[in-house]
Amino acid sequence: MENAALLNAIIQNAIDGIITISDRGIIELINPSACKLFDYTPEEVIGKNISVLMPPPDRTNHDNYISRYQQTRVPHIIGIGREVTGLRKDGTKFPFRLGVSEVQYSGRKIFTGFIHDLSRQKEAEEQLKDYASHLEELVEERTLSLKNTVTELHRAKEEVSVSLEKEKELSQLKSRFVSMASHEFRTPLSAVQLSASLIDKYAEPFENDHITKHVGKIKNAVGNLTTILNDFLSLEKLEAGKVEPTFIRFDLVKLAEDITEEMQMVAKQNQNIIYQHTGINNIVTLDPNLLKNCIFNLIGNAIKYSGENTFIEFNTEINDQYCTIIIKDDGIGIPENDQKHLFEAFFRAHNTGNIPGTGLGLNIVARYTNLMYGHIDFKSSVNHGTIFTLSFPMS
Ligand SMILES: Nc1ncnc2c1ncn2[C@@H]1O[C@H](COP(=O)(O)OP(=O)(O)OP(=O)(O)O)[C@@H](O)[C@H]1O
Ligand SMILES: [Mg+2]
């Protein structure tokens, strides 16, 4: 009796639902947990067929299950761990795990069902599934946008390279044109130069000052044009990377003296170029042609931008570390605002008035100096003069 009471207490307090049915499927016992799960009172279900707690198709098939089991003994529903669906009184369904055991009790066969609610677990599983599929969607979305970005990038890259290519072509075309034009101009210019010289010669017997003066003007103009064309060609070669310095050991003082002599001839009235060298060594290893061009440009500027009756100082210095070349004039100077643009091609300061020039000289000087690993610097003040310094490392 005590045992029966204990058993009853266990059944009444079990967390899982427990239902027993007869071998015909009629409910005989239902514990509070099962009542709560299905939302029935015991009175409402006891004596009814167990199929009321099942949704279709189990509902209609259940009787067959039982009779089949009785005939075949194949445990269709006996056992643990089957996941089935229950039907609540209000028509809603819920998942549970059903364990069924067969009991022989006072000569009669009854079945006991153990009902373990799976709603929470299923909900969690569903949530997990939802979350996973959301994640998948998110990953897909991000992958797509990444793909789009990559495609955009590719397209942008192509566009850039196309426009770069066009720009390159254009600049090549421009360079080719400049160099072609410069070359083509040179031939007629030398014809003009030659003819001017011939006129000069044939006019000698007439001793006509006007002829001499105008022929001089023609020669001068041709000289200027030739200089400009040469600058264009130098620039074009520099742009094309065609200028490569050829380093040679040579006597800098000798070169400087030659240049001084040559430049003195084109200097203004009473404009004296004073050359001086400091140091016991005269030999440097640089490109003499490029260097000569640089010095020509700098002294040319000094002559052009300073007045008559002035001195132009031209100094070279060689010590263990550096070779320095200095050209100093006391001419018009360079306005401070213009100084930062001085080495740009075609730039000319505002105080040049009607002094001719193309603004290419210093650009070429700076680039030649760079090619020889040198450094260009200057100091200038308006109406006081200008000093340009080139320095090259000795080793
Ligand atoms: N010694 C100087 N004194 C004053 N201004 C100078 C001097 N040297 C250069 N400049 C200024 O710098 C500018 C650029 O000089 P750069 O030699 O490049 O061109 P440019 O003399 O005008 O023309 P070119 O190409 O015929 O030499 C000049 O136009 C001038 O304004
Ligand atoms: Mg110049």
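Cut-offs applied
Residues numbered from 1 in each chain as written. Chains lettered and ligands numbered in written order. Predicted model: local features only at pLDDT ≥ 70, side-chain atom pairs only at ≥ 80, totals over all residues. Heavy atoms only, no water. Domains from an automatic or database assignment. Salt bridge = Lys/Arg side-chain N within 4 Å of Asp/Glu carboxyl O. Helix = DSSP H or I, 4+ residues; strand = E, 2+ residues; numbered from the N terminus. Near = heavy atom within 4 Å. Areas by Shrake-Rupley, 256 points an atom, 1.4 Å probe, with all protein chains shown as cover. Nonpolar A, V, L, I, M, F, W, Y, C, P; charged D, E, K, R; others polar. Pairing = 2+ DSSP bridges. Axes fitted to C-alpha atoms, helices over the stretch in contact; angles between N-to-C directions. Contact = heavy atoms within 4.5 Å. Core = buried A, V, L, I, M, F, W, Y, C linked by side-chain atoms within 4.5 Å. Buried < 20%, exposed > 50% of the residue type's maximum accessible area, 1.4 Å probe, protein only.

## Some words on the domain arrangement of the chain
Here is step 1: Partitioning the chain into domains gives domain 1 (2-117), domain 2 (123-236) and domain 3 (243-393).
Here is step 2: Centre-to-centre, using C-alpha coordinates, domain 1 lies 93 Å away from domain 2.

## Remarks on the pattern of salt bridges
Any two side chains of opposite charge can pair, given that their charged atoms come close.
Here is step 1: Enumeration according to the criterion identifies 10 salt bridges in this entry.
Here is step 2: Among the ionic pairs, Glu152 bridges to Arg155, the shortest N-O distance being 3.3 Å. Here Glu152 pairs with Arg155, and both are found in helix H5 (residues 119-203), just 3 residues apart, close to one helical turn.
Here is step 3: Across the pair Asp200 and Lys219 runs a salt bridge whose closest N-O atoms are separated by 3.3 Å. Highlighted residues: Asp200 in helix H5 and Lys219 in helix H6 (residues 209-239), separated in sequence by 19 residues.

## Observations concerning the site of ligand 1
Here is step 1: Every one of the 21 residues lining ligand 1 counts as a neighbour, but Asn301, Arg348, Thr358, Leu360 and Leu362 are closest to it.
Here is step 2: Within the complex, 96% of the 580 Å² of free accessible area of ligand 1 lies under protein.
Here is step 3: If you list the elements that add at least two residues to the shell around ligand 1, you get helix H8 (288-304), helix H10 (361-371) and strand E12 (385-393).
Here is step 4: Class assignment of the residues belonging to the shell around ligand 1 gives a composition of 9 nonpolar, 8 polar and 4 charged.

## Comments concerning the sheet that holds strand E7 (residues 272-278)
Here is step 1: The strand order E7-E9-E10-E12-E11 describes an open sheet built from 5 strands, whose pairing is mixed. Two strands in the sheet have a free side with no partner beyond their single neighbour: E7 and strand E11 (375-381). Sheet twist, expressed as the mean angle between neighbouring strand axes with direction ignored, is 10°.
Here is step 2: With 6 bridges joining them, strand E9 (residues 311-318) and strand E10 (residues 322-329) adopt antiparallel strand pairing. Among the inter-strand pairings, Thr316 is bridged to a residue of E10, identified as Ile325.
Here is step 3: Each of E7, E9, E10 and E12 touches H8; the most contacted strand, E10, lies at about 20° to it.

## Comments concerning the nonpolar core
Most often, soluble globular proteins keep nonpolar side chains buried together rather than apart.
Here is step 1: Membership of the largest hydrophobic core comes to 45 residues, with the highest contact counts inside it found for Leu291, Ile299, Phe314, Ile325 and Ile327.
Here is step 2: For this core, the leading source of residues is H8, giving 8 residues.
Here is step 3: Core analysis: the second largest hydrophobic core is formed by 20 residues, Ile30, Cys35, Phe38 and Leu98 among them.

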